[in-house]
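As a plain string of letters, each chain reads:
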Amino acid sequence: MIAGYQNKLSPPIQISMTLLLCVFITLKSHANPQYRVTILVDESYPPYTYYSNGELKGIYVDLVKQAARLIDDKYLVELHPVPWKRGVSALQNGEAFALMPPYVHIKRRPFIWPYSVPLLEEVIVAFCNQGFSLKRIDSEDTTAHPINVGLNAGYMILDDLLRQAHKQSKIHLWENKDTFSNVMKLAKRRIDCYVNDRLSTLLGLRNLKRIHPELDLSNIVEDRVILRRTAHIGYAKDATDRYPYKHDFIEKMDEALQTVLATQAIELSDQ
């Protein structure tokens, strides 16, 4: 019956339907991405990247999701939350394509290359309990009673002075699971200082006060700026055999990120 119905259509109508079908097929082919790309994301780094109530959230997550929509004709980008150290290990062992958001450590992490355009600049600071300070750690001798400094596991974000102080046993480093674990230990005086991104630490302290209002946080003060670093998407080095789309994806993702970041800069300047 259908065949008979089609035979009764006039030639112009048949041509029009054929053209519409071709357009539909073309649009459908463009709507289906050629590649599925997975980026591992630190699950415990609020407000930049974090996993909460079954959903990956954060400033960097939003940026990358917006950029991904600009290249979704070719790439379906999936963000997968992982503990930070596991994500670094997966990239080092060749089990992953990309990780977010590492700082640039070319010598320490030679298995990551290249890095994306900067997402944002983070200010790394030390928060300390009153009575402890890292400001003059180069000139003071604390070897008899080393200062206990907390870090997030896998984040060795120290400047030259702190690295030297560690070698000289002036400070002891303690890697804890995440920001919340560190601010809890800082509040309970199990560590003397905590080094991490300023915004992330302030948010951690606010959450700690909300969850444990009985804790007195008035003794915790910002001590000094340690360094400034830009965060990126880091890609597995020498992985074009496993990921033949690597260079094209990086180029397109960088362009998309720059577009999103420029748009947000314009919006902020208009406020």
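Check the entry above for the structure.
Residues numbered from 1 in each chain as written. Predicted model: local features only at pLDDT ≥ 70, side-chain atom pairs only at ≥ 80, totals over all residues. Heavy atoms only, no water.

Another aspect to go through is the packing of aromatic side chains. Applying the stated criterion across every chain, the model contains 16 aromatic pairs. Taking the centre distance of 4.7 Å and the plane angle of 20° together, the rings of Tyr-48 and Tyr-60 count as stacked. Note that Tyr-48 is positioned in the loop between β2 (44-45) and β3 (49-52) and Tyr-60 in helix α3 (residues 59-70), a separation of 12 residues in sequence. The pair Tyr-48 / Tyr-60 is uniform in exposure class, with both members buried. Seen in terms of ring centroids, Phe-97 and Tyr-245 are 5.5 Å apart; in terms of plane orientation they differ by 65°. Their pairing is edge-to-face. (Phe/Tyr/Trp six-rings, centres within 6.5 Å; stacked < 30°, edge-to-face > 60°. Helix = DSSP H or I, 4+ residues; strand = E, 2+ residues; numbered from the N terminus. Buried < 20%, exposed > 50% of the residue type's maximum accessible area, 1.4 Å probe, protein only.)

Moving on to the pattern of salt bridges. Note on pairing: side chains with opposite charge can pair once their charged atoms come close. Enumeration over the complete set of coordinates arrives at eight salt bridges. Among the ionic pairs, Glu-140 bridges to Arg-136, the shortest N-O distance being 3.5 Å. For the salt bridge of Arg-163 with Asp-160, the shortest nitrogen-to-oxygen distance reads 2.4 Å. Of this pair, Arg-163 and Asp-160 both sit in helix α5 (residues 160-167), three residues apart, which is roughly one turn of that helix. Salt bridges sharing common partners tie together Lys-74, Asp-248 and Lys-252. (Salt bridge = Lys/Arg side-chain N within 4 Å of Asp/Glu carboxyl O.)

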